[in-house]
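Letter by letter, the chains look like this.
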Amino acid sequence: MEINAFIGIDFTASNGNPQTPQSLHFINPAVPNQYAQAIQAVGQIIEDYDTDKHFPVLGFGARMPPDYTQVSHEFFVNGDPSNPYCHRVQGVLEAYYACVSRVQLYGPTNFAPIINHVARFACSNKAGDKYFILLILTDGIITDMAHTKEAIVNASALPLSIIIVGIGGAEFDSMEELDGDVVRLSSHGRYAARDIVQFVPFRDFLMRNGDPLTAGLRLAREVLAEIPTQVLSYMKANNIIPQPPKINDALLPADLT
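Rules of the game
Residues numbered from 1 in each chain as written. Predicted model: local features only at pLDDT ≥ 70, side-chain atom pairs only at ≥ 80, totals over all residues. Heavy atoms only, no water. UniProt positions renumbered as here; feature names shortened; annotations may be inferred. Helix = DSSP H or I, 4+ residues; strand = E, 2+ residues; numbered from the N terminus. Buried < 20%, exposed > 50% of the residue type's maximum accessible area, 1.4 Å probe, protein only. Pairing = 2+ DSSP bridges. Polar contact = N/O pair within 3.5 Å; in protein donor to acceptor, adjacent residues only side chain to side chain. Axes fitted to C-alpha atoms, helices over the stretch in contact; angles between N-to-C directions. Parallel < 35°, antiparallel > 145°, perpendicular 65-115°, else oblique. Left-handed = near helix turned anticlockwise from the far one by under 90°. Contact = heavy atoms within 4.5 Å. Nonpolar A, V, L, I, M, F, W, Y, C, P; charged D, E, K, R; others polar. Salt bridge = Lys/Arg side-chain N within 4 Å of Asp/Glu carboxyl O.

Chemist: Can you lay out the UniProt feature "domain: VWFA" (unreviewed entry) in the chain for me, pointing to particular residues and giving the numbers?
Modeler: Here, the residues flagged by UniProt with the feature "domain: VWFA" (unreviewed entry) are residues 4-179. Strand forms 23% of residues 4-179 and helix 35%; the C-alpha atoms that close the span are 21 Å apart.

Written out as structure tokens, the structure is:
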């Protein structure tokens with residue numbers, strides 16, 4: 001089974017003006033902001049399991065250059081629609097930093113377009129040989145709750161897991177609802193086939209220990225804790241049994257003797 005990871009980043013105005021130190025997107029060369037810390041902490045773990053180490057990174061909630069009149073809820077953070085992939089976590093961070101200075105933070109905060117974007121890939125790969133992970137980093141002030149719930153319920157039968165990391169100090173009640181650990185998520189009378197969402201507020205880890213590295217390690221452990229169970233639940237629900245491992249073409253008999 002191959003794991004393919006997507007990353008979604010919130011570029012809405014509620015994050016604050018990136019030019020000011022109070023902004024969640026403020027770029028400080030000495031201390032990475034919470035978005036950068038979360039990308040690094042979770043991304044480094046996912047990178048070990050991602051098959052090709054190339055991450056499509058999507059942004060939402062920003063006005064786009066050159067005229068800054070159109071708001072996009074589904075744009076490629078590296079600015080290249082023909083090749084939206086960032087190589088390894090370092091490539092993701094470089095694209096993120098460049099994007100902060102290129103786009104204009106705006107709004108509203110719509111999750112559904114990005115969830116549906118990744119769900120389309122998962123829908124085309126149901127055989128069990130591919131599994132998809134979407135990591136969403138957000139300040140949590142969601143504006144399309146009904147559409148997002150519908151998107152998650154629709155995706156719950158697909159080989160997909162969604163990780164939401166809350167950035168900053170906002171109230172995250174809506175994110176807890178999407179998590180579905182207490183009350184099973186539903187939309188228009190339909191319930192999610194599986195629990196595919198894990199939400200964690202990053203501030204919980206920063207408060208325990210001021211060290212960014214320790215906070216990042218704890219964050220990664222928490223947000224990835226449910227992924228194995230979610231993978232197995234998809235396989236069991238679809239009666240998919242483990243397949244023999246793929247033979248690496250580089251390890252042919254001549255090399256094995």
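Chemist: Which residues make up the pairing of strand β1 (residues 2-10), and what values go with them?
Modeler: In terms of burial, β1 is largely enclosed, as 8 of its 9 residues are buried. The pairing of β1 with strand β8 (residues 130-138) spans 8 bridges and is classified as parallel. The residue bridging F6 from the neighbouring strand is L134, located in β8. Here 4 bridges tie β1 to strand β2 (residues 54-60), and the two strands are oriented parallel to one another.

Chemist: Got a sec to walk through the sheet that holds strand β3 (residues 62-63)? Specific residues and values, please.
Modeler: Sheet architecture is open: 3 strands sit in the order β4-β3-β7, paired in antiparallel fashion. Each edge of the sheet is formed by a strand with only one pairing partner; in this case those strands are β4 (71-72) and β7 (104-105). The pairing of β3 with β7 spans 2 bridges and is classified as antiparallel. Of the residues in β7, the one forming a bridge with R63 is Q104.

Chemist: Would you mind going over the side chain of D139 in detail, with residue names and values included?
Modeler: In this fold, D139 is placed in the loop between β8 and α4 (145-155). Here the side chain of D139 touches S14 through a polar contact of 2.5 Å, side chain to side chain.

Chemist: Please set out the packing of helix α1 (residues 34-49) against helix α2 (residues 88-102) residue by residue, giving values where relevant.
Modeler: Where α1 contacts α2, the axes come no closer than 9 Å and their chain directions differ by 155 degrees. One finds that α1 runs roughly antiparallel with respect to α2. Relative to α2, α1 is oriented so that their crossing is right-handed. For the pair α1 and α2, the contacting residues are Y35, A36, I39, Q40, G43, Q44 and E47 in the first and R88, V89, V92, L93, Y96 and Y97 in the second. Of the residues contributing to the contact of α1 with α2, the split by class is 8 nonpolar, 3 polar and 2 charged.

Chemist: Now, about the pattern of salt bridges: what can you tell me, with residues and values included?
Modeler: When the charged atoms of two side chains lie near each other, side chains of opposite charge can form a pair. Enumeration over the complete set of coordinates arrives at 4 salt bridges. E47 is paired through a salt bridge with R88; the nearest N and O atoms lie 2.9 Å apart. With a gap of 41 residues between them, E47 in helix α1 and R88 in helix α2 connect regions that are remote in the sequence. The exposure class of E47 is buried, given its relative accessible area of 12%. With a shortest N-O distance of 3.4 Å, E74 and R120 are connected by a salt bridge. A residue pair is termed long-range when its members are at least 10 positions apart, and E74 in the loop between β4 and β5 (75-76) and R120 in helix α3 (residues 112-123) qualify at 46 residues.

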